[in-house]
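Coordinate inspection notes
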Amino acid sequence: MTATAEQTGPDPATAFTELYGGEPHGVWAAPGRVNLIGEYTDFNDGFVLPLALPHTARAAVSPRTDGVLRLHSSDVPGGVVSLRVDALAPRSGHGWAAYPAGVVWALREAGHPVTGADIALTSTVPTGAGLSSSAALETVTALALNDLFQLGLTGPELAVIGRRAENAFVGVPCGIMDQMASACCTEGHALHLDTRDLTLRQVPFDLAAQGLTLLAVDTRVKHALGDGAYAERRAGCEEGARLLGIPTLRDLPYEDLGAALTTLADAGADESVIRYVRHVVGDNRRVEQVIALLDAGDARGAGPVLDEGHRSLRDDLRVSCPELDLAVAAARGAGALGARMTGGGFGGSAVVLAEAAGADAVAEAVTKAIAGAGHAAPGIFTAVPSAGARRLR
């Protein structure tokens, strides 16, 4: 397994000086996240339980007053992207730069006086791995501009800006979990978030004290949520809520799920809509189950809940893939307590709950199984609950 310590990569301050001349006004960091349980629930006003990773996007930034926004990433081939802040428009492209540019657009749309910036970015969050590399870029940009322009926004308010950037500017209809996790997680805790009103609770998450480890398995299969599959599932969930006469699927109690599925079938709902409803309502309940287990000091009991969550993502939501299914099966076969895919799916990562003493054996079994099937070797690391967005210097 790879080290758990943050891999800082190139120093963005050094890159800043080389690119723009002079020293940046500051350097900020925002983490990626792994979601323990609660998938596709956030845009249904539901519950999620993510934790921040030690992997971060970092930004060296200085403000400008001339309306120019200059962006550079050490992780993407190409030079500096130069834009006019007053010409930023949704769905206008710009590739990776759309994420930080979208934040500037969203801040200005909200009435905040952002007059330009020079930004040098670097990231150790794996891209396309379902670990929120885009939210980390959005959050670190929002936090830096919040500080430099003295906007006075809170962590949740910065997350709302990041989500608007991704929804309206980039065009991905995501919920708010990723941005909230990046902005608001704390070290040693998982974030129990109600995505309807953004109330949150920091849940102590010290697996080591119970002799446990949480592994993240990056299958290195890339996904692209902008390709329509994510949007189709969101539309299906909204259609299910409409047919049931409720604002969102959050408003359907688990105890009423069976009757609701019958109602949908009688109303002629597409079978995919019925499956999506079953998953979302079930995963909201699974978040509550895991919270209760953690509060009771029984993290081991969460294993079967993770297994159940994976089956639902695979069979009802249908967002898994052969590599993820193989990683989960191999982990369970090697003695893991539970495992499931995490994130948007169609590739990306899995989380594995294992006894600490057996974690290396589980990781070896997963690597061997994936290699034996002819797939690229996965990246496996310990998911240590880490700090949310912060200023480094």
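Computed from a predicted model, the values in this text were never measured in an experiment.

Secondary structure assignment for the protein chain yields 11 helices and 13 strands. Counting only C-alpha atoms, the protein chain reaches 60 × 50 × 40 Å along its principal axes. When burial is assessed residue by residue, the protein chain has 57% of its 393 residues classed as buried. Restricting to contacts in the protein chain with at least 6 residues of sequence separation, those with at least 24 account for 74%. Accessible area for the protein chain stands at about 14,400 Å²; split by element, carbon and sulfur atoms hold 52% of it. Counting 31 positive and 45 negative side-chain charges, the protein chain places the averaged centre of each group 2 Å from the other.

Further remarks concern the side chain of T195. For T195, the position within the fold is in the loop between β7 (189-194) and β8 (200-204). The buried category is assigned to T195, whose relative accessible area is 5%. Engagement of the side chain of T195 in a polar contact is seen with the backbone oxygen of D42, the distance being 3.1 Å. When sequence neighbours within four positions are dropped, the list of residues in contact with T195 reads T41, D42, D45, G46, V48 and I176.

Quick look at the environment of E138 now. With respect to the helices, strands and loops of the structure, E138 is situated in helix α3 (residues 133-148). When its relative accessible area of 0% is taken as the criterion, E138 is described as buried. C-alpha of E138 to C-alpha of A159: the two residues are 21 residues apart in sequence and 8.5 Å apart in space. Apart from residues no more than four positions distant in its own chain, E138 is found in contact with Y99, V103, G162, E166 and Q179. At 2.9 Å, the side chain of E138 and the side chain of Q179 are in polar contact.

Attention now moves to the packing of aromatic side chains. The final tally for this structure, using the stated rule, is 5 aromatic pairs. Between Y40 and Y230 the ring centres are 5.2 Å apart and the planes differ by 35°, which places this aromatic pair in the tilted class. Taken as a pair, Y40 in the loop between β1 (26-35) and β2 (47-48) and Y230 in helix α6 (residues 229-244) lie far apart in primary sequence, 190 residues in all. Comparing Y40 with Y230 shows no difference in burial state: the two are buried. Here the aromatic rings of W105 and F169 are separated by 5.7 Å at their centres, their planes lie at 45°, and the arrangement is tilted. With a gap of 64 residues between them, W105 in helix α2 (residues 98-109) and F169 in helix α4 (residues 155-170) connect regions that are remote in the sequence. Aromatic ring contacts, followed pair by pair, group Y40, F43 and Y230 into a single cluster.

Here we come to unusual backbone geometry. Not every positive phi belongs to a glycine, and D45 is a case in point at roughly 65°. When you line up the elements, D45 lands in the loop between β1 and β2. For R318, which is not a glycine, the phi torsion comes out positive at approximately 55°. In this structure, R318 sits in the loop between α9 (303-317) and α10 (322-333).

Rules used in this analysis
- Residues numbered from 1 in each chain as written.
- Predicted model: local features only at pLDDT ≥ 70, side-chain atom pairs only at ≥ 80, totals over all residues.
- Heavy atoms only, no water.
- Helix = DSSP H or I, 4+ residues; strand = E, 2+ residues; numbered from the N terminus.
- Buried < 20%, exposed > 50% of the residue type's maximum accessible area, 1.4 Å probe, protein only.
- Contact = heavy atoms within 4.5 Å.
- Areas by Shrake-Rupley, 256 points an atom, 1.4 Å probe, with all protein chains shown as cover.
- Lys, Arg positive; Asp, Glu negative; His and termini not counted.
- Charge placed at Lys NZ, Arg CZ, Asp CG, Glu CD.
- Polar contact = N/O pair within 3.5 Å; in protein donor to acceptor, adjacent residues only side chain to side chain.
- Phe/Tyr/Trp six-rings, centres within 6.5 Å; stacked < 30°, edge-to-face > 60°.

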